[in-house]
Amino acid sequence: MREINFDGIIGPSHNYSGLSLGNVASASNKGLVSHPRAAALQGVAKMRHNLRLGLAQGILLPHRRPDRAWLGELGTDVGTVPPSLRAAAFSASAMWAANAATVSPAPDCTDGCCHLTVANLRTMAHRSHEWPETLAQLRLAFADETRFAVHPPVPATFGDEGAANHMRLCASHDAPGIEVFVYGQRGGAYPVRQHEEASRAVARLHGLDPEHTLFACQSEAAIAAGAFHNDVVAVANENVLFTHEQAFEDRPSLYAALKRRIPEIEIVEVPASAVSLEDAIRSYLFNAQLVTLPTGGMALIVPDEVRETPTVWAWLEAQVAGNGPIRRIFVVDVRQSMANGGGPACLRLRVVAEPECIDPRFLVDEAKLDRIAGVIAQHWPEAMAPDQLREPAIWTQMERARAALYEEIGLRELI
Ligand code: SUG
């Protein structure tokens, strides 16, 4: 059993429409020209980088955009849709696979299966129609019912944004873990996306042991500063929790509960005096992939913006020079996604499982990444302004591009 990161391939409709209230990058880059081809190639390069570190890598694929079926349910179509809905129907937001589902690996679940619950993403209109295609992909990728249970979303009465608000701490990936569900209660001027009732429902559906399951409230200050998901201010891997001091409403209780359950836990807390919430959110220091290297030790895979934020880079350099558990830093360029508020950790969904039990079409090696990059180079638009979403030629290009990728991967049944 090992950890596999499933990255969302960035779709051909990637654009900056400023759709996410509470997401500082999305709001401040509204209207900019996007570069879908460069965006998707940056994502492929990140996967290639991680493969070369010896990590296991999977993919999730771009959804149908424009989403004609969804527009039909709303009584409109791509030609006549009002502008506010048009951008939502074209969003490439399924790239942020950390919001695809919540995953509880088999050692944590009473029935010994790995459970995945697709997120309903109901808070943002442009993300609320991701779940049917996510569910279809996960049902194929994790079709082996002796190993996996894939659940549809919890009712949209309660907002659920998936693994971005979920952390797992354990002695090693294949050992039973403590699952921490982080929800919001207040977010200042911004919406709370993860509701406590949704988190509790997911924990029940997964058959988690209540003794090994914690529920923690995200701090209002963090959400109000732009941490619309917990993974913007905290990340965990095996026995390490890497977090900003202001991530949680009641951190003493959370830390105590964790220490009681995992004696070997290491909590690496970054004080606000060293890195402000603002700098943490601007740089996406915590939206890093914290990984265990096959050669031993942990590494942090951070976006370029971390190196460009002096307080953050200084803190990291001191950390690596000291005795902390994070031994290495790798910097990756995911600027196109970052400009919409999605860092390296947003782009991936973590699953702990035996790779042999997963549909191989969803797993990649470098040769398959070469083929994927070839399709992207040939079919993805080079540049796009949000206004161009009105042009029928662009709709056709996007639909052809997606179909070409599915053909290449051998996923014709999902076209
Ligand atoms: O939901 N951005 C995404 C970013 C998701 C980041 N994911 C994690 N933190 N795990 C969001 O806010 C922007 C789209 C736009 O504005 O067009 C967007 O949806």
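Conventions adopted
- Residues numbered from 1 in each chain as written.
- Predicted model: local features only at pLDDT ≥ 70, side-chain atom pairs only at ≥ 80, totals over all residues.
- Heavy atoms only, no water.
- Helix = DSSP H or I, 4+ residues; strand = E, 2+ residues; numbered from the N terminus.
- Rg over C-alpha atoms; globule rule 2.2 N^0.38 Å.
- Contact = heavy atoms within 4.5 Å.
- Lys, Arg positive; Asp, Glu negative; His and termini not counted.
- Charge placed at Lys NZ, Arg CZ, Asp CG, Glu CD.
- Near = heavy atom within 4 Å.
- Polar contact = N/O pair within 3.5 Å; in protein donor to acceptor, adjacent residues only side chain to side chain.
- Areas by Shrake-Rupley, 256 points an atom, 1.4 Å probe, with all protein chains shown as cover.
- Salt bridge = Lys/Arg side-chain N within 4 Å of Asp/Glu carboxyl O.
- Buried < 20%, exposed > 50% of the residue type's maximum accessible area, 1.4 Å probe, protein only.
- Pairing = 2+ DSSP bridges.
- Axes fitted to C-alpha atoms, helices over the stretch in contact; angles between N-to-C directions.

To continue, consider the overall build of the protein. Across its full length, the protein holds 14 helices and 15 strands. On C-alpha atoms alone, the protein measures out to a radius of gyration of 20 Å, which is about the 22 Å that the 2.2 N^0.38 rule sets for 415 residues. Projected onto the principal axes, the alpha-carbon positions of the protein cover approximately 60 × 45 × 40 Å. Of the contacts formed within the protein by residues at least 6 apart in sequence, a portion of 77% connects residues at least 24 apart. Taking the 37 positively charged and 48 negatively charged side chains of the protein as two groups, their mean positions are separated by 3 Å.

Before going further, it helps to examine the environment of A321. Tracing the backbone through its elements, the reader meets A321 in helix 11 (residues 310–321). Each C-alpha atom, one on A321 and one on T117, is 40 Å from the other, the two residues being 204 residues apart in sequence.

The next subject is the site of the ligand. Contacts to the ligand come from 20 residues, most closely from L19, S20, S26, H126 and D231. R193 places a side-chain nitrogen or oxygen 2.8 Å from an oxygen atom of the ligand. Relative to its free-state accessible area of 490 Å², the ligand is covered by the protein chains to the extent of 99%.

Turning our eyes to something else, we now look at the pattern of salt bridges. On inspection of all chains with the given rule, the structure shows 28 salt bridges. Between E161 and R193 there is a salt bridge; the shortest N-O distance is 3.2 Å. Taken together, the residues span a long stretch of sequence, with E161 in the loop between strand 5 (148–151) and strand 6 (166–170) and R193 in the loop between strand 7 (177–183) and helix 6 (196–205) at a distance of 32 residues. Neither residue differs from the other here; E161 and R193 are each classed as buried. The partner of E408 in a salt bridge is R371, and the shortest N-O contact between them spans 2.7 Å. With E408 in helix 14 (residues 392–409) and R371 in helix 13 (residues 366–379), this residue pair connects regions lying 37 residues apart in the sequence. By relative accessible area, E408 is classed as partly exposed at 31%. Connected through shared salt-bridge partners, D304, E305, R307, E308 and R335 make up one network.

Ordered in space as 2-1-15, the three strands form an open sheet in which the pairing is mixed. At either margin of the open sheet sits one strand with a lone partner, and together these are strand 2 (56–60) and strand 15 (348–353). Averaged over all neighbouring strand pairs, the angle between strand axes comes to 30°, with direction disregarded. With five bridges connecting them, strand 1 (residues 2–8) and strand 2 associate as parallel partners. The partner of F6 across the bridge, within strand 2, is G58. In the packing of helix 2 (residues 36–52) onto the sheet, the strands contacted are strand 1, strand 2 and strand 15, and the crossing angle to strand 2 comes to about 155°.

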